[in-house]
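Breakdown of the fold
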Amino acid sequence: MRIVITGAAGFLGSHLTDRFLAEGHEVVGVDNFLTGSRDNIAHLADNPRFQFIAHDVSKYITVDGPVGGVLHFASPASPIDYLQHPIPTLKVGSLGTHNALGLAKAKGARFLLASTSEVYGDPQVHPQPETYWGHVNPVGPRGVYDEAKRFAEAMTMAYHRVHGVPTRIVRIFNTYGPRMRAHDGRVVSNLVVQALLGRPLTIYGDGSQTRSFCYASDLVDGIYRLFWSERVDPTNIGNPVEFTVLELAKLVREMLHVTAPIQHDPLPVDDPKVRRPDITIARSVLGWEPVVDLRHGLERTIAYFRTVLPK
Ligand code: NAD
Ligand code: UDP
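The next point concerns the overall build of the protein. In terms of helices and strands, the protein carries nine helices and 13 strands. Taken over C-alpha atoms, the radius of gyration comes to 19 Å for the protein, in line with the 19 Å a tight globule of 311 residues would show. Projected onto its principal axes, the C-alpha coordinates of the protein cover approximately 55 × 45 × 40 Å. When burial is assessed residue by residue, the protein has 57% of its 311 residues classed as buried.

Moving on, we come to the site of ligand 2. In the vicinity of ligand 2 lie 17 residues, with Thr-202, Tyr-204, Arg-211, Asp-271 and Arg-275 positioned nearest. Residue Arg-142 places a side-chain N or O atom 3.0 Å away from an oxygen atom belonging to ligand 2. One of the side-chain nitrogen or oxygen atoms of Gln-209 is found 3.0 Å away from an oxygen atom of ligand 2. Within the complex, 95% of the 510 Å² of free accessible area of ligand 2 lies under protein. Elements that contribute at least two residues to the shell around ligand 2 include exactly helix 5 (187-196) and strand 8 (201-204). Here the residues of the shell around ligand 2 are counted per class, giving six nonpolar, five polar and six charged.

This part takes up the confidence of the model for the protein. Per-residue pLDDT for the protein has a mean of 97; in total, 100% of the residues score no lower than 70. The secondary structure element of the protein with the lowest average pLDDT is helix 2 (residues 79-84), at 94, and the one with the highest is strand 4 (residues 69-72), at 99.

Here we take up the packing of helix 5 against helix 9 (residues 294-308). When two helices pack together, their arrangement is given by the angle between their axes and by how far apart the axes lie. Between helix 5 and helix 9, the shortest axis-to-axis distance is 10 Å and the interhelical angle comes to 60°. On the basis of the axis angle, helix 5 is oblique to helix 9. Of the two elements, helix 5 crosses helix 9, and the hand of that crossing is right-handed. Contacts from Val-188, Ser-189, Val-192, Val-193 and Leu-196 of helix 5 reach helix 9 at Leu-298, Thr-301, Ile-302, Phe-305 and Arg-306. Residue composition of the contact of helix 5 with helix 9, grouped by class: seven nonpolar, two polar and one charged.

In the region of ligand 1, 29 residues are neighbours, and Leu-12, Asp-31, Thr-35, Asp-56 and Tyr-145 sit closest. Residue Phe-11 places a main-chain N or O atom 2.9 Å away from an oxygen atom belonging to ligand 1. Here Asp-31 contributes a side-chain N or O atom positioned 2.6 Å from an oxygen atom of ligand 1. The fraction of the free accessible surface of ligand 1 (820 Å²) that becomes covered by protein chains is 97%. Going through the elements one at a time, helix 1 (11-22), strand 5 (110-116) and helix 4 (143-163) are the ones with two or more residues in the shell around ligand 1. Here the element with the most residues in the shell around ligand 1 is strand 5; it accounts for three residues. Of the residues assigned to the shell around ligand 1, the class counts are 13 nonpolar, twelve polar and four charged.

Conventions adopted
Residues numbered from 1 in each chain as written. Chains lettered and ligands numbered in written order. Predicted model: local features only at pLDDT ≥ 70, side-chain atom pairs only at ≥ 80, totals over all residues. Heavy atoms only, no water. Helix = DSSP H or I, 4+ residues; strand = E, 2+ residues; numbered from the N terminus. Rg over C-alpha atoms; globule rule 2.2 N^0.38 Å. Buried < 20%, exposed > 50% of the residue type's maximum accessible area, 1.4 Å probe, protein only. Near = heavy atom within 4 Å. Polar contact = N/O pair within 3.5 Å; in protein donor to acceptor, adjacent residues only side chain to side chain. Areas by Shrake-Rupley, 256 points an atom, 1.4 Å probe, with all protein chains shown as cover. Nonpolar A, V, L, I, M, F, W, Y, C, P; charged D, E, K, R; others polar. pLDDT = per-residue confidence, 0-100. Axes fitted to C-alpha atoms, helices over the stretch in contact; angles between N-to-C directions. Parallel < 35°, antiparallel > 145°, perpendicular 65-115°, else oblique. Left-handed = near helix turned anticlockwise from the far one by under 90°. Contact = heavy atoms within 4.5 Å.

Here it is, written out as structure tokens:
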């Protein structure tokens, strides 16, 4: 099948591209490099089944020829990125999703939206099942991301109901692994890079807030299964093992045998206090669950950052 992946030069989009190519499909990657990198797709330059279009998907998307699937991954994803690019984030979640859905409709293609656990906001139900409607501050700084993704979900369901587009929605929980940028700003990359460079490890607030970290290959496998499934309603994909941010920092220090101090910085506005996916549906409908635990995922992530950081 010929698949269009928006955000293909990003962390997750590039891994997803690799997976579809490895399964024998053709991939057309579309990206404007807002937060992505040519390095993430450089290894595909000579692959005849990969085509790349440099384009902002918040503007009309033109792809010649047949398309069987559209996976919409374009969007800043790290809090520091969407706080730095609030309007492009709102546009790619709204106009970009509309354009990607329009492409799928015109081509008779299946569509998958990369949504997020942020649609649950600072959750009052824990762990979060797909039936939870969330607790989001629409006018706070994070609202630009959360509300764009909530709009994107609504638009996706409307295209399914009105136009009959076969749509899928994945709600992705914190995912980490190779190809995150060193200065990406998310907690795993920050702590690993700080430890490798012998700098203090930054913890926002007291570090008691929790996240559940999923390794990239596990996530991509869940998304691949969801894409081929018949499930239209949103589906959580993430690792249900929950850690405090302080526990994560201590694990990183232990694994890298460093004694770098912990530096407590202010907690960002509206930072969710807890987050953990209920993956009952992914388990039962997709037969999926993560297989890479945090320690093994961190080993691979540390090995990656060792290759990209200055010696
Ligand atoms: P990323 O920043 O590495 O990748 C996003 C990619 O989208 C980048 O290559 C960027 O250049 C591109 N992009 C942004 N705006 C664009 C536009 N208007 N036109 C074309 N390309 C554009 O982030 P990521 O972690 O790979 O996230 C990918 C997707 O997964 C995002 O939609 C994000 O919301 C979602 N997601 C990720 C996580 C996670 O933990 N990594 C969690 C929840 C949801
Ligand atoms: N965080 C931290 N130190 C950092 C970066 C992030 O303590 O250097 C915290 C952040 O406040 C949040 C958690 O780690 O509570 C996860 O942050 P991240 O940016 O990775 O993703 P989020 O889940 O907030 O979207």
